[in-house]
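These are the residues of each chain, in order.
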Amino acid sequence: VQLVESGGGLVQPGGSLRLSCAASGFTFSAYDMSWYRQAPGKEREWVGRISSAGGSTYYADSVKGRFTISRDNAKNTVYLQMNSLKPEDTAVYYCYVYLGIQYRYWGQGTQVTVSS
């Protein structure tokens, strides 16, 4: 299983970024996918999740209304569209898949920095 995030970078407050997570090594269309983030000195926190077919999405209160998760099962890719970014969104963003009790996988993460 491999999860590879991309799309991070430096953005000004109020700006937007779209992160991608390319997945391989499992049947992507059969599993929910999640995004997490970890800010410096803080614990990793859940950002949101999308169901296997993409019909349902769930978000942390801190990002609801600003972030949107989507997926393209033909491309084995999940996306995180981030709008109205705030300095407190600065973190390393990870995608995550749970395949079973002993089968939990993380990507390597991509840095998002929101600063003027």
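Residues numbered from 1 in each chain as written. Predicted model: local features only at pLDDT ≥ 70, side-chain atom pairs only at ≥ 80, totals over all residues. Heavy atoms only, no water.

**Student:** Looking at this structure, I do not really get the packing of aromatic side chains. What am I missing?
**Tutor:** Each aromatic ring pair is characterised by the separation of its centres together with the angle its planes make. Enumeration over the complete set of coordinates arrives at six aromatic pairs. Taking the centre distance of 4.5 Å and the plane angle of 45° together, the rings of Tyr-96 and Trp-106 count as tilted. Here Trp-106 lies in strand β10 (residues 103-106) and Tyr-96 lies in strand β9 (residues 91-100), a separation of 10 residues in the sequence. Using a relative accessible area of 10% as the deciding quantity, one classes Tyr-96 as buried. Since its relative accessible area comes to 37%, Trp-106 is described here as partly exposed. (Phe/Tyr/Trp six-rings, centres within 6.5 Å; stacked < 30°, edge-to-face > 60°. Helix = DSSP H or I, 4+ residues; strand = E, 2+ residues; numbered from the N terminus. Buried < 20%, exposed > 50% of the residue type's maximum accessible area, 1.4 Å probe, protein only.)

**Student:** Just checking my understanding: could you explain the sheet that holds strand β7 (residues 67-72) for this structure?
**Tutor:** Two strands in a sheet stick together by hydrogen bonds in their backbones, pointing the same way (parallel) or opposite ways (antiparallel). Taken in spatial order, the four strands make up an open sheet running β1-β3-β8-β7, and their pairing is antiparallel. Because the sheet does not close on itself, it has two edges, and the strands there are β1 (2-6) and β7. Going across the sheet, the axis of each strand differs from the next one's by a mean of 15°, ignoring polarity. Where strand β3 (residues 17-24) lies against strand β8 (residues 77-82), six bridges are found, and the strand directions are antiparallel. If you follow Arg-18 over to β8, its bridge partner there is Gln-81. (Pairing = 2+ DSSP bridges. Axes fitted to C-alpha atoms, helices over the stretch in contact; angles between N-to-C directions.)

**Student:** Looking at this structure, how should I read the nonpolar core?
**Tutor:** One finds Trp-35, Leu-80, Met-82 and Tyr-93 to be the most contacted residues of the largest nonpolar core, which totals 28 residues. Looking at this core, the elements that each hand over two or more residues are β3, β4 (33-38), β5 (45-50), β7, β8, β9 and β11 (110-114). (Core = buried A, V, L, I, M, F, W, Y, C linked by side-chain atoms within 4.5 Å.)

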